[in-house]
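Analysis of the macromolecular model
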Amino acid sequence: MPELPEVETTRRGVAGRVVGRRIVGLQVYDSRLRWPVPADLGSRLLGYTVDALERRSKYLLFSVGAGALLVHLGMTGSLRVYTQPPPRVLHDHVDLVFDDDTVLRYHDPRRFGAMLWAPFPVTAHPLLQWLGPEPFDPAFDGDYLWRATRSRTAAIKLALMDSRLVVGIGNIYANEALFRAGIRPATPARQLSRPRLHRLVTQVRDVLSEAIAKGGSTLRDYVDAAGEPGYFQLNYYVYALTGELCRVCGSVIRQMRLGARSSFYCARCQRP
Ligand SMILES: [Zn+2]
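Residues numbered from 1 in each chain as written. Predicted model: local features only at pLDDT ≥ 70, side-chain atom pairs only at ≥ 80, totals over all residues. Heavy atoms only, no water.

**Some thoughts on the pattern of salt bridges**
Stated formally: Between Lys or Arg on one side and Asp or Glu on the other, a salt bridge is scored when a side-chain nitrogen of the former is within 4 Å of a carboxyl oxygen of the latter. Secondary structure follows DSSP: runs of H or I at least 4 residues long count as helices, runs of E at least 2 residues long count as strands, and numbering of each begins at the N terminus.
Taken as a whole and judged by the stated rule, the model has 16 salt bridges. Here Asp92 ties to Arg105 by a salt bridge, and the two come within 3.6 Å at their closest N and O atoms. One end of the pair, Asp92, is in strand S6 (residues 92-98); the other, Arg105, is in strand S7 (residues 103-107), and 13 residues separate them in sequence. Among the ionic pairs, Glu210 bridges to Arg180, the shortest N-O distance being 2.9 Å. A residue pair is termed long-range when its members are at least 10 positions apart, and Glu210 in helix H6 (residues 194-216) and Arg180 in helix H5 (residues 171-181) qualify at 30 residues.

So, in structure tokens, the structure goes:
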């Protein structure tokens with residue numbers, strides 16, 4: 001599943017080719033995404049220039065005319081830019097054509113992604129209005145996390161993954177950031193001290209930054225490339241390493257379920 005680093009890398013890979021270009025065509029081959037692609041999307045886009053491509057949480061926002069084309073990659077979605085589009089293949093659902101014949105193509109085998117219209121101000125859109133701060137937003141700091149978790153009996157890992165509290169921290173990065181911060185995933189959020197939460201915020205940013213930096217080496221894969229864009233494998237400390245030995249202390253990595261997701265941790269390196 002594309003997480004925030006993959007979405008940010010998609011944004012960087014696509015922006016340079018479409019921002020400032022005018023949209024001259026829209027072909028929706030299959031509108032049955034997570035929500036139907038609106039039938040009037042063409043009237044919002046055609047003839048307008050893409051003024052910006054921004055990201056909010058895992059949503060890509062193409063500013064066009066009076067609003068934004070909102071794209072979510074769901075479980076298996078990807079965007080590619082083609083100067084000479086190859087013939088469509090199975091699961092290519094939408095083409096956006098620009099005035100220099102560039103084609104932006106949306107591909108999504110499982111069709112859990114979304115392509116919707118969000119009028120300005122986009123922050124009022126139902127999918128965006130309850131979102132908490134971005135992990136790199138200065139408003140997301142240890143003090144904020146401390147205040148926001150005082151009444152939370154839920155585990156810190158579930159709090160980190162709650163998009164009303166902070167967006168874009170998926171299962172992989174929550175596990176890795178908690179390891180690096182020395183905090184066990186099941187620890188009730190409200191038990192954590194301010195200094196430990198400050199450390200956690202730092203580690204969340206570090207682990208996401210490292211993944212985005214890895215993504216930078218794949219940027220060319222978004223233009224005129226064949227095959228699927230890759231996902232960036234960090235050298236994980238705990239994620240999906242159940243039964244292996246901790247790289248720091250040599251203890252066995254354990255696994256437990258929290259919410260619906262698997263959590264991985266080292267009982268020696270991570271304290272409750
Ligand atoms: Zn360890």
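**Section: the side chain of Thr9**
To keep things clear, this is the line we draw: Relative accessible area decides the class of each residue, using a 1.4 Å probe on protein chains only: under 20% of the type maximum gives buried, over 50% gives exposed, and in between gives partly exposed. Counting of polar contacts relies on pairs of N or O atoms within 3.5 Å, with two restrictions inside protein: one atom must be capable of donating a hydrogen and the other of accepting it, and residues adjacent in sequence are counted only when both atoms are side-chain atoms.
Relative to the helices and strands, Thr9 resides in helix H1 (residues 4-18). The class for Thr9 is buried, based on a relative accessible area of 1%. At 2.8 Å, the side chain of Thr9 and the backbone oxygen of Pro5 are in polar contact.

**Comments concerning the coordination of the zinc ion**
Six octahedral donors at a metal ideally form angles of 90 or 180 degrees, and four tetrahedral donors ideally form angles of 109.5 degrees. Basically, it comes down to this: In this analysis a donor is any N, O or S atom within 2.8 Å of a metal ion (3.2 Å for sodium, potassium and calcium), and since water is not included, sites may seem incomplete. Here a site with four donors is tetrahedral if all angles are between 85 and 135 degrees, and a site with four or six donors is square planar or octahedral if opposite donors are over 155 degrees apart and the other angles are between 65 and 115; anything else gets the irregular label.
At 2.2 to 2.4 Å from the zinc ion lie its protein donor atoms, namely Cys246 (SG), Cys249 (SG), Cys266 (SG) and Cys269 (SG). Given 4 donor atoms and angles of 96 to 115° at the metal, the environment of the zinc ion is assigned as tetrahedral. Positions of the donor residues of the zinc ion along the chain correspond to the pattern C-x2-C-x16-C-x2-C. Of this pair, Cys249 sits in the loop between H6 and strand S9 (254-258) while Cys269 is found in the segment after strand S10 (261-265), placing the two residues 20 residues apart along the sequence. Accessibility expressed as a relative area gives 22% for Cys269, which makes it partly exposed.

**Things to note about the environment of Leu131**
Threshold: Throughout, a contact is declared for two residues whenever any of their heavy atoms are within 4.5 Å.
Summarising the element assignment, Leu131 is placed in the loop between strand S8 (114-119) and helix H3 (142-149). Counting along the chain gives 37 residues from Leu131 to Gly168, while the straight-line C-alpha distance between them is 9.8 Å. Discounting residues that sit within four places of it in the chain, Leu131 has contacts with Arg56, Ser57, Tyr59, Ser163 and Val167.

**So, the sheet that holds strand S5 (residues 78-82)**
The following threshold applies: In this analysis, strands are considered paired if DSSP registers two or more bridges between them. Orientation is described by lines fitted to C-alpha atoms, with helices fitted over the stretch in contact, and by angles between N-to-C directions that extend from 0 to 180 degrees.
Ordered in space as S1-S6-S7-S5, the 4 strands form an open sheet in which the pairing is antiparallel. The outermost strands of the open sheet, each flanked by one partner alone, are strand S1 (23-28) and S5. Going from strand to strand, the sheet's axes swing by 15° on average, the running direction of each strand aside. Note that S5 and S7 share 5 bridges and pair antiparallel.

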